[in-house]
Amino acid sequence: MDPLDAGAGGILRQPKAVWATAGASVVAFMGIGLVDPILPSIAQGLHATPSQVSLLFTSYFLITAVAMLLTGFVSSRIGGKKTLLLGLAFVVVFAGLAGTSGTVGQLVGFRAGWGLGNALFVSTALAVIVGAAAGGSAAAILLYESALGLGMACGPLLGAVLGNVSWRYPFFGTATLMAIGFLCIAAFLKEQPKPARKTSILDPLKALGHGGLASAAISAFFYNYTFFTVLAFTPFVLNMTPYRSGAVFFAWGVLLAVFSVLVAPRMQKRFGSLKVLGGSLVLLAADVLVLGYGNHTAAIVCTILSGAFIGVNNTVYTELALGVSDAPRPVASAGYNFVRWFAAAAAPYFAPKIEEWTDIHVPFTVAAVAALLGAVVVGVRRRALTHEAEELAPRHATEDGVTVFAD
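Bear in mind that the values here come from a model prediction, so they are computed numbers and not experimental data. (Residues numbered from 1 in each chain as written. Predicted model: local features only at pLDDT ≥ 70, side-chain atom pairs only at ≥ 80, totals over all residues. Heavy atoms only, no water.)

A.B. asks: Tell me what's going on with helix H9 (residues 169–188), and back it up with residues and numbers.
C.D. replies: Taking 1.5 Å as the rise per residue, H9 with 20 residues should run 28 Å; its terminal C-alpha atoms sit 29 Å apart, in good agreement. Along H9, the positions that sit buried rather than exposed are Pro170, Phe171, Gly173, Thr174, Ala175, Met178, Gly181 and Ile185. (Helix = DSSP H or I, 4+ residues; strand = E, 2+ residues; numbered from the N terminus. Expected span 1.5 Å × (residues − 1). Buried < 20%, exposed > 50% of the residue type's maximum accessible area, 1.4 Å probe, protein only.)

Have a look at this one:
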């Protein structure tokens, strides 16, 4: 099922429950890039080093990775609506507490709690939207992916606008918006039916015994290291005001959304998933090298341009991960994400450390090598991925914080 085949009428004519969940999804995805423009301001305000501040991403995604083993376990027992509300409640509490932090250690800890809430929410949101949507799953998936793109683009912008007043305000703003989302979902969303079979915590790990799924996860691990080097380390390299940094990452998010939703499916149809993925990873590696070794203008341009390659990669990786094995899609998704999000936790920690040990250029060399390693895994394991990739239609949805399933 191609989400691009969904007509505009199908997308817009949705129940209030769908709009409430989609709106909360926008805010949830905003939380991923929210701190980007204010990382230097946080470092200055809390007298912290770049490597200390980058732990905001590390704690967030480390908890997200581990939580992927728990989300199916929780939602299969308490239902989709309660899982969404539980996740939103965690985000409201911990985002609000993050704004009160007096030390970088407190802020890192509160971001970890935020990551747990976000994992519970975004891993369940698409299934809920598809179940409650009118007009078929194609319209629902396109609506969800649009929420993803809007959130990834607007997160840095909100962080810049509020962060220009104080680095604390973006956290309070997120808590407020998510509280509104909590009330809307509580009021408009009916409880979703529970799955017939309860998911075990170990099911996602067992699913990784499939060679194709393990290959997709390992390749995505290397790719995610590159992705989050750009997202978490580049703001220190650009060294711009919150407004200007927010504008750069807003443009980055727009390209990510456009290439994920509109361009990637067309490229897959024409060239095939594995060729598109391999080529995009190589181009991302080249882009990151120029970002690290070029002048300031080149760094800005390459940061924005990386959003295009990241958007393509996100879409193709998701489809490969969910189509390559015979495991239930929620289980395959959880196992895949468990592996790849560890790289999202590692990159923000190691990139500034590598700079401290060497110079500012080397972290981008490491990131470029990681992207190439991702392409090598795709090439070497092509036989494990080819059959499924050829038959794969772009029928699954992509989320940059968490991969989710369509049906």
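A.B. asks: Give me the environment of Val92: which residues, what numbers.
C.D. replies: With respect to the secondary-structure elements, Val92 resides in helix H6 (residues 80–98). Residue classification places Val92 among the partly exposed positions, given a relative accessible area of 24%. C-alpha of Val92 to C-alpha of Thr176: the two residues are 84 residues apart in sequence and 7.1 Å apart in space. Among all residues touching Val92, those that are not within four sequence positions of it are Ala175, Met178 and Ala179. (Contact = heavy atoms within 4.5 Å.)

A.B. asks: Describe a nonpolar patch on the surface, naming the residues involved and giving the relevant values.
C.D. replies: Together, Leu157, Val161, Tyr243, Phe250, Val254, Val258 and Leu262 give the surface a local cluster of nonpolar side chains, amounting to about 530 Å² of exposed area. Elements supplying a minimum of two residues to the nonpolar patch: helix H8 (137–163) and helix H12 (242–271). Ranked by the residues each element gives to the nonpolar patch, the list is headed by H12, at 5 residues. With respect to the secondary-structure elements, Val161 resides in helix H8. (Patch = residues over 30% accessible without salt bridge, like charges linked within 9 Å, V, L, I, M, F, W, Y side chains within 5 Å. Areas by Shrake-Rupley, 256 points an atom, 1.4 Å probe, with all protein chains shown as cover. Salt bridge = Lys/Arg side-chain N within 4 Å of Asp/Glu carboxyl O.)

A.B. asks: Account for H6, naming residues and giving values.
C.D. replies: The terminal C-alpha atoms of H6, which comprises 19 residues, lie 27 Å apart, in line with the 27 Å expected from a rise of 1.5 Å per residue. The set of residues buried in H6 consists of Gly80, Lys81, Thr83, Leu84, Leu85, Gly87, Leu88, Val91, Ala95, Gly96 and Ala98.

A.B. asks: Could you give an account of the nonpolar core, with specific residues and numbers?
C.D. replies: In terms of nonpolar packing, the biggest core is built from 110 residues, with Ile42, Phe61, Phe121, Phe171 and Ile185 touching the most fellow members. At 13 residues, the largest contribution of residues to this core is made by helix H11 (residues 211–238). What Phe61 contacts, discounting residues up to four positions off in sequence, is Ile32, Phe228, Trp341, Ala344 and Ala345. (Core = buried A, V, L, I, M, F, W, Y, C linked by side-chain atoms within 4.5 Å.)

A.B. asks: Any chance you could break down the packing of aromatic side chains for me, citing the residues and the numbers?
C.D. replies: If you walk through the whole model with that rule in mind, you get 17 aromatic pairs. Between the aromatic rings of Trp167 and Phe171, the centroid separation amounts to 6.1 Å while the plane-to-plane angle is 80°, which identifies the pairing as edge-to-face. According to the relative accessible area criterion, Trp167 is buried, its value standing at 9%. Each residue in the set Tyr60, Phe61, Trp114, Trp167, Phe171, Tyr223, Phe227, Phe228, Phe249, Trp252, Tyr317 and Trp341 is aromatic and connected to the rest through ring pairs, giving one cluster. Cation over ring: Arg77 sits above Phe73, and NZ or CZ is 3.8 Å from the ring centre. Positioned above the aromatic ring of Trp114 is the side chain of Arg111, whose terminal nitrogen or guanidinium carbon lies 4.7 Å from the ring centre. (Phe/Tyr/Trp six-rings, centres within 6.5 Å; stacked < 30°, edge-to-face > 60°. Lys NZ or Arg CZ within 6 Å of the ring centre and 35° of its normal.)

A.B. asks: Got a sec to walk through the packing of H11 against H12? Specific residues and values, please.
C.D. replies: Running from N to C, H11 and H12 cross one another at 155°; their axes reach a closest spacing of 11 Å. Our classification of the angle between H11 and H12 gives roughly antiparallel. Both H11 and H12 take part in a crossing whose hand is right-handed. Together, Phe227, Val230, Leu231, Thr234, Pro235 and Leu238 of H11 and Val248, Phe249 and Trp252 of H12 make up the contact between the two elements. Looking at the contact of H11 with H12, its residues break down into 8 nonpolar, 1 polar and no charged. (Axes fitted to C-alpha atoms, helices over the stretch in contact; angles between N-to-C directions. Parallel < 35°, antiparallel > 145°, perpendicular 65-115°, else oblique. Left-handed = near helix turned anticlockwise from the far one by under 90°. Nonpolar A, V, L, I, M, F, W, Y, C, P; charged D, E, K, R; others polar.)

A.B. asks: Tell me about unusual backbone geometry, and name the residues and values.
C.D. replies: Negative phi characterises most residues that are not glycine, and trans characterises most peptide bonds. Even without glycine at this site, His47 takes up a positive phi of about 55°. Residue placement: His47 occurs in the loop between helix H3 (39–45) and helix H4 (50–53). In this structure, Asn239 is a non-glycine residue whose phi angle is positive, near 50°. Here Asn239 is to be found in the loop between H11 and H12.

A.B. asks: Could you give an account of the side chain of Ser76, with specific residues and numbers?
C.D. replies: On the secondary structure map, Ser76 appears in helix H5 (residues 55–78). Residue classification places Ser76 among the buried residues on the basis of a relative accessible area of 3%. A distance of 3.2 Å separates the side chain of Ser76 from the backbone oxygen of Phe73, its partner in a polar contact. (Polar contact = N/O pair within 3.5 Å; in protein donor to acceptor, adjacent residues only side chain to side chain.)

A.B. asks: Summarise the environment of Ser59; cite the residues concerned and give the values.
C.D. replies: Within the secondary structure layout, Ser59 lies in helix H5. Setting aside chain neighbours within four positions, we find Ser59 in contact with Val108, Arg111 and Ala112. Looking at Ser59, its side chain comes within polar contact range of the main-chain oxygen of Val108, at 2.9 Å.

The analysis is restricted to geometry; functional conclusions fall outside its scope.
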